[in-house]
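Understanding the architecture of this molecule
Residue-level listing of the chains:
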Amino acid sequence: MAVRPASADTSHSAAAGQPCGGLGRAVARTFRAGKPQILVLGPLCGESVVFLAGRGARVHVDEIEIPQPIPKKLPGEPAVTVPPFTVDHPSGSFDLVLAWEMFDFVPPDRLQEFGAELVRLLRVGGQLMFFAHLKPPSERAVLPRYRLLADDLIVREEPAVPPIPRYVHSNLMIERAIAGLGVQNIHLQRNQMREILASKAGVG
């Protein structure tokens, strides 16, 4: 899918917030359903929960455990099995999943598994909104939280937590990982952050 350059920059905190058009569109569409079910992934930001709940949403926050890389198989030893990545909610539960920068912290060999689980959680017509860097990977990055000031206005905050590896995934890798969703928009910002919005269409 074509990537459109953007003028906005959502990667740095600012007292007044940074605009996020994709988020604004996703939220507006979600609230047309009345009282939507929204899942927010990653570090808790109470102000965002209060904001969405104040709009009438039923908000669920899940500080999921990020899947770890699959250990390499050593010669003469059996392959190492790892627990599958799961989110403890029924299939088709949510109208909107806000994954923020979670995809960046998932290792490439677990990306498909991670994306498929998020697709499973969405209802038909549901949307997935997240950000993804194109900057070089880092061994010491902080998984941020996002504070919602308005439907299309956010503040990026880095909590005081230990750093972890951050990866870079191509658009193709991401689109394969969320197979079953239609990518509506990939908005490339000046700082090489991609704003990605996808939705789940009905079958047939």
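The residue numbers shown here count from 1 along each chain, following its written sequence. Totals for whole chains, interfaces and linings use all residues, but because this is a predicted model, local features are given only for residues with pLDDT of at least 70 and pairs of side-chain atoms are given and counted only at 80 or more. To obtain the side-chain values, all non-hydrogen atoms of the structure were included, while hydrogens and water were left out.

1. Considering the overall build of the chain
Think of it this way: any DSSP run of H or I at least four residues long counts as a helix, any run of E at least two long counts as a strand, and we number them from the N terminus. When its secondary structure is counted, the chain shows 4 helices and 12 strands. In this setup the radius of gyration rests on C-alpha atoms only. A globule is expected at 2.2 Å times the number of residues raised to 0.38. In terms of C-alpha radius of gyration, the chain reaches 17 Å, essentially the compact-globule figure of 17 Å for 204 residues. Relative accessible area decides the class of each residue, using a 1.4 Å probe on protein chains only: under 20% of the type maximum gives buried, over 50% gives exposed, and in between gives partly exposed. Classification of the 204 residues of the chain by burial places 48% in the buried group. For the chain, contacts bridging at least 24 residues in sequence account for 72% of all contacts bridging at least 6. Surface exposure here means Shrake-Rupley accessible area, sampled with a 1.4 Å probe, where a residue is shielded only by the protein chains that are shown. Surface summary for the chain: the accessible area is close to 9,900 Å², and the carbon and sulfur share equals 57%. We count Lys and Arg on the positive side and Asp and Glu on the negative side, and we leave His and both chain ends out. All charge positions are set by atom: Lys at NZ, Arg at CZ, Asp at CG, Glu at CD. Of note, the chain has its 22 positive side-chain charges centred 5 Å away from the centre of its 20 negative side-chain charges. Here, residues are in contact when the closest pair of their heavy atoms is within 4.5 Å.

2. Notes on the pairing of strand 9 (residues 153–157)
Counting buried positions along strand 9 yields 4 of 5 residues, so the element is predominantly enclosed. Only when DSSP finds a minimum of two bridges between them are two strands counted as paired. As paired strands, strand 2 (residues 18–19) and strand 9 are joined by 2 bridges and run antiparallel to one another. Pairing of proline 19 across the sheet is with leucine 153, part of strand 9. Two elements, strand 8 (residues 145–150) and strand 9, share 5 bridges in a ladder whose sense is antiparallel. Residue pairing in the sheet places arginine 145 in a bridge with glutamate 157 of strand 9.

3. Quick look at the environment of alanine 99
Within the secondary structure, alanine 99 is located in strand 5 (residues 94–100). On the accessibility criterion, alanine 99 (0% relative accessible area) is buried. Taking the C-alpha atoms as reference, alanine 99 lies 7.3 Å from leucine 128; in sequence the two are 29 residues apart. Beyond its immediate chain neighbours, meaning those up to four positions away, alanine 99 contacts Leu41, Leu118, Leu128, Met129 and Phe130.

4. Let's talk about helix 3 (residues 111–121)
Turning to helix 3, its buried residues number three or more, namely Leu111, Phe114, Gly115, Glu117, Leu118, Val119 and Leu121. As for helix 3, its buried residues are in contact with strand 3 (37–41), strand 5, strand 6 (122–133), helix 4 (171–177), strand 11 (181–188) and strand 12 (193–200).

5. A short note on the environment of proline 75
Position of proline 75 relative to the elements: it lies in the loop between strand 4 (58–62) and strand 5. Considered as a pair, proline 75 and glycine 46 are 29 residues apart in the sequence and their alpha carbons are 48 Å apart.

6. What about the confidence of the model for the chain?
Overall, the prediction assigns the chain a mean pLDDT of 90, with 92% of residues at 70 or greater. The quantity called pLDDT is the predictor's confidence in a given residue, expressed from 0 to 100. Note on residues 1–14: pLDDT under 50 across the span, and 44 contacts to partners over four residues away in sequence or across chains.

7. Thoughts on unusual backbone geometry
Phi is positive for tryptophan 100, close to 45°, though the residue is something other than glycine. Considering the arrangement of structural elements, one finds tryptophan 100 in strand 5.

8. Quick look at the packing of aromatic side chains
Pairing of aromatic rings covers Phe, Tyr and the six-membered ring of Trp, with a centre-to-centre limit of 6.5 Å; geometry is then stacked below 30 degrees between planes, edge-to-face above 60, and tilted otherwise. The final tally for this structure, using the stated rule, is 6 aromatic pairs. With a centroid separation of 5.1 Å and an interplanar angle of 40°, the aromatic rings of phenylalanine 85 and phenylalanine 114 are classed as tilted. Placement of the pair is phenylalanine 85 in the loop between strand 4 and strand 5 and phenylalanine 114 in helix 3, with a sequence separation of 29 residues. For phenylalanine 114, a relative accessible area of 0% gives the class buried.

9. A short note on the sheet that holds strand 8
Strand order in the open sheet made by the 3 strands is 2-9-8, with antiparallel pairing throughout. Each edge of the open sheet carries a strand with a single partner, namely strand 2 and strand 8.

10. What to know about the side chain of aspartate 95
Following the sequence through the fold, aspartate 95 ends up in strand 5. Looking at aspartate 95, its side chain comes within polar contact range of the side chain of arginine 123, at 3.0 Å. Sequence-distant contacts of aspartate 95, that is, excluding residues within four places in its chain, are made with Thr30, Pro36, Gln37, Leu122, Arg123, Gly126 and Gln127. Between N or O atoms, a polar contact is any pair within 3.5 Å; within protein, one atom must be a potential hydrogen donor and the other a potential acceptor, and residues adjacent in sequence are included only when both atoms are from side chains.

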